[in-house]
Amino acid sequence: MSWTNEGAYWRRPLDCHDKLFQSIAAAGAPLGREHWLMVGWLQLAFPIDMDPGVLEQRLRGAWSALRLRHPDVALTLNEDEKRYEPLADDEVLQRWTDATFCVESASSVDELFSRHLKVTPSVYATCHWVPARSEVAVVSSHWRWDGRGLMMMLDSFMVLLAHPSLVQPVVGAETANLVPTLDAVIGVPKIQKEEWIQKADELLAPFLDGSPAAGLPFISTLPGNTVRVETVFPKLLSRALREACRGRGLRITAALQASVVQETARCYFRTAGADPKARYKAWAAFDLRKHCPPPPSRTAHAPSIRMVALPLVANLTESWDVLASTFQAQYAQELDPAHSDALFVRVPYVEKATVMLATAPPSSEPNLSNLGVLEDFVERSYGGKFLVQNVTLAVQMLSPQLYVHAWSWCEQTRVSICYNEAFYEEDFVNKWLEALKANLLENLGVELPG
């Protein structure tokens, strides 16, 4: 699935991940919205003597240059292929920048994303500057990249902001930077082995066996706006969490996942009609970049889908220790193509999951995705002039699920929840998040500072 030149444009067929996220986004189309619309943003600090007009021009220039370094920001999605139209001249680049760079009057990106952005404002990715909070955001459909990829795009943007002469515009030549599919990068055979198809069926079996799934009680209605809430573990508490996890041989992801299951079970079993045989059925996200051949640069895989979400199923009555140990083994499973066929099984698995999810009834289980240490992707300072004070990721939710993101920034662990306000009262989500935090601390034996 490599890019081919069709004269006026370049094209490549959609891979399994493209089709999955295309289907997920399309689910919101009848409502004029887009499920899992992504936004990543940075809160900046810059020299106090920098004129606001000059700063805005620098931001515009960085976004314009990003089109040349990462042309995937300007891909369009068609029914069965992605397309890219090369820039003909500088005027075309200027018009594209004018159409995709926006200065916003909102008080914050949180407000902008929650109250105003229902779909992508453009067929391309877009950049939004919110002067009121010195926040710069990139918005895109999820089919363009994953969460870590979006963080890496923000890093590239900041490099270009701090060093405007780094990219010498050569319009039309940017097609050399189009990113191939994961299948092409790791060399997936065109013909799938029967054993891969069988393993894919086995992975999805818990979702298709008719057994009940646990979730949170929600209000049955049409979706409204997406809201994001967050809790922050201060540095000392975050350090204590990491040490407690290391002492138990756990990743923070496994520990947090165990608490997610227990807090889901707590709410579920308080619901009338709760089935004692129900299980927690969700997805575990895996970043696949480390299993790809070394790229020519740190951000070569940035504007792409380089992840897979594998089934994560658990019994609600298991102890926290058993859950955490089980999840630790799952998150540590071998995915390297040199030792496992998991990345080849991934293709029929994602294809089958796409079909399954297209007709699945609404579910309300919280799903967890840990982005890790964001300093691995975004620097705290660029060029000695631009400081990054905060980093945030959010997705638009049209289903009753809670999307739980975790990450570390400035040595602080953060847990963020995106949810649809039509399905839940804000007080319920805030209390669930605080209960999740308390559960994690209690089971790791970490006490809050007095």
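Parameters and conventions
Residues numbered from 1 in each chain as written. Predicted model: local features only at pLDDT ≥ 70, side-chain atom pairs only at ≥ 80, totals over all residues. Heavy atoms only, no water. Helix = DSSP H or I, 4+ residues; strand = E, 2+ residues; numbered from the N terminus. Rg over C-alpha atoms; globule rule 2.2 N^0.38 Å. Areas by Shrake-Rupley, 256 points an atom, 1.4 Å probe, with all protein chains shown as cover. Lys, Arg positive; Asp, Glu negative; His and termini not counted. Charge placed at Lys NZ, Arg CZ, Asp CG, Glu CD. Pairing = 2+ DSSP bridges. Contact = heavy atoms within 4.5 Å. Axes fitted to C-alpha atoms, helices over the stretch in contact; angles between N-to-C directions. Salt bridge = Lys/Arg side-chain N within 4 Å of Asp/Glu carboxyl O. Buried < 20%, exposed > 50% of the residue type's maximum accessible area, 1.4 Å probe, protein only. Polar contact = N/O pair within 3.5 Å; in protein donor to acceptor, adjacent residues only side chain to side chain. Expected span 1.5 Å × (residues − 1). Bend = angle between axes of the 7 residues up to and from the residue. Parallel < 35°, antiparallel > 145°, perpendicular 65-115°, else oblique. Left-handed = near helix turned anticlockwise from the far one by under 90°. Phe/Tyr/Trp six-rings, centres within 6.5 Å; stacked < 30°, edge-to-face > 60°. Lys NZ or Arg CZ within 6 Å of the ring centre and 35° of its normal.

Novice: Would you mind going over the overall build of the protein with me for this structure?
Specialist: A count of helices and strands for the protein gives twelve helices and 16 strands. Its C-alpha atoms give the protein a radius of gyration of 22 Å, within 12% of the compact-globule value 22 Å for 450 residues. By principal-axis analysis of the C-alpha atoms, the protein measures approximately 65 × 60 × 45 Å. Total accessible area computed for the protein in this model is approximately 19,200 Å², and 52% of it derives from carbon and sulfur atoms. Averaging the coordinates of the 42 positive side-chain charges in the protein and doing the same for the 52 negative ones gives two points 2 Å apart.

Novice: Help me understand the sheet that holds strand 8 (residues 135–140) in this model?
Specialist: In space, the six strands of this open sheet follow the order 6-7-8-3-14-13, with mixed pairing throughout. Across the chains shown, the open sheet's two edge strands, defined by having one partner strand only, are strand 6 (101–103) and strand 13 (381–382). For strand 3 (residues 38–45) and strand 8, the ladder comprises six bridges, and the chain directions are antiparallel. Paired with Leu42 across the bridge in strand 8 is Val136. Sheet strands in contact with helix 3 (residues 90–100) are strand 6 and strand 7 (126–130), and its direction is about 40° off that of strand 6. Packed onto the sheet, helix 5 (residues 147–162) meets strand 3, strand 7, strand 8, strand 13 and strand 14 (386–395) and runs at close to 35° relative to strand 3.

Novice: How should I be thinking about the sheet that holds strand 2 (residues 10–13) in this particular structure?
Specialist: Paired through backbone hydrogen bonds, the strands of a sheet run either parallel or antiparallel to each other. Pairing is antiparallel in the open sheet, where four strands are placed in the order 1-2-5-4. Looking along the sheet, the strands with just one partner apiece sit at the ends: strand 1 (4–5) and strand 4 (76–77). In the sheet, strand 4 pairs with strand 5 (residues 81–84) via two bridges, with the strands oriented antiparallel. Residue pairing for strand 5: Leu77 is matched across the bridge by Lys82.

Novice: Help me understand the pairing of strand 2, please; the structure alone is not making it clear to me.
Specialist: Each regular strand carries side chains that alternate between the two faces of the sheet. Where strand 1 lies against strand 2, two bridges are found, and the strand directions are antiparallel. Pairing of Thr4 across the sheet is with Arg11, part of strand 2. The antiparallel hairpin formed by strand 1 and strand 2 contains four residues in its connecting segment, where Gly7 sits at a positive phi of about 95°. The pairing of strand 2 with strand 5 spans four bridges and is classified as antiparallel. Bridge assignment links Pro13 to a residue of strand 5, and that residue is Glu81.

Novice: Looking at this structure, how should I read the pattern of salt bridges?
Specialist: Side chains carrying opposite charge are able to pair once their charged atoms draw close together. This structure, assessed with the given rule, holds 22 salt bridges. The residue Asp287 makes a salt bridge to Arg289 at a minimum N-O spacing of 2.8 Å. For Arg289, a relative accessible area of 11% puts it in the buried group. Connected via shared salt-bridge partners are Asp110, Arg228, Glu230 and Arg414.

Novice: Is there a simple way to think about the side chain of Asn225 in this case?
Specialist: Locating Asn225 in the fold gives a position in the loop between helix 7 (194–208) and strand 9 (226–233). A polar atom in the side chain of Asn225 sits 2.3 Å from the side chain of Lys118. Excluding anything up to four places from it in sequence, Asn225 contacts Arg33, Ser114, Arg115, Lys118, Tyr419, Asn420 and Glu421.

Novice: Hey, could you run me through helix 11 (residues 342–358) in this one?
Specialist: An α-helical turn contains 3.6 residues, so a residue and the one three or four places further along point in the same direction. In a regular helix each residue adds 1.5 Å, so 17 residues correspond to 24 Å; helix 11 covers 23 Å between its end C-alpha atoms and thus fits that length. Of all bends in helix 11, the biggest is about 30°, found at Pro348. Looking only at helix 11, the buried set comprises Leu343, Phe344, Val345, Arg346, Val347, Pro348, Tyr349, Val350, Ala353, Thr354 and Met356. Buried positions along helix 11 lie against helix 1 (16–26), helix 6 (182–186), helix 7, strand 10 (279–287) and strand 11 (307–315).

Novice: Could you clarify how one ought to interpret the packing of helix 9 (residues 252–268) against helix 12 (residues 426–444) in this entry?
Specialist: Two numbers describe how helix 9 lies on helix 12: the axes approach to 9 Å, and their chain directions differ by 125°. Comparing their axes, helix 12 and helix 9 come out oblique. Every pair of crossing elements has a handedness; the one defined by helix 9 and helix 12 is right-handed. Within the contact between the two elements, helix 9 uses Ile252, Ala255, Leu256, Ser259, Val260, Gln262, Glu263, Thr264, Arg266 and Cys267 and helix 12 uses Phe428, Trp432, Ala435, Leu436, Asn439, Leu440, Asn443 and Leu444.

Novice: Explain the packing of aromatic side chains here, please?
Specialist: Ring pairs (aromatic) are described by centroid distance and by the angle formed between their planes. Tallied over the entire structure, the rule returns eleven aromatic pairs. Ring centres of Phe46 and Trp129 lie 6.4 Å apart, and the angle between their planes is 55°; this geometry places the pair in the tilted category. Taken as a pair, Phe46 in the loop between strand 3 and helix 2 (52–69) and Trp129 in strand 7 lie far apart in primary sequence, 83 residues in all. According to the relative accessible area criterion, Phe46 is partly exposed, its value standing at 26%. Clustering of aromatic rings is evident, with ring pairs tying together Phe21, Trp36 and Tyr403. Sitting over the ring of Trp96, Arg67 keeps its end group 5.0 Å from the ring centre. Stacked on the ring of Tyr9, the Lys or Arg Arg83 has its end atom at 4.2 Å from the ring centre.

Novice: Explanation requested: helix 12 in the structure shown.
Specialist: Here helix 12 contains 19 residues, and its C-alpha end-to-end distance of 27 Å stays within 8% of the 27 Å for a straight helix at 1.5 Å per residue. Buried residues along helix 12 sit against strand 9, helix 8 (235–247), helix 9, helix 10 (320–331), strand 15 (403–409) and strand 16 (412–420). Looking at the residues trailing helix 12, positive phi occurs at Gly445, about 70°.

Novice: Just checking my understanding: could you explain unusual backbone geometry for this structure?
Specialist: Excluding glycine, a negative phi dihedral is what most residues carry, and trans is how most peptide bonds are arranged. At Trp36, a position not held by glycine, the phi torsion is positive, near 65°. Tracing the backbone through its elements, the reader meets Trp36 in the loop between helix 1 and strand 3. A relative accessible area of 19% places Trp36 in the buried class. Of note, Glu411 is a non-glycine position whose phi angle comes to about 65°, a positive value. For Glu411, the position within the fold is in the loop between strand 15 and strand 16.

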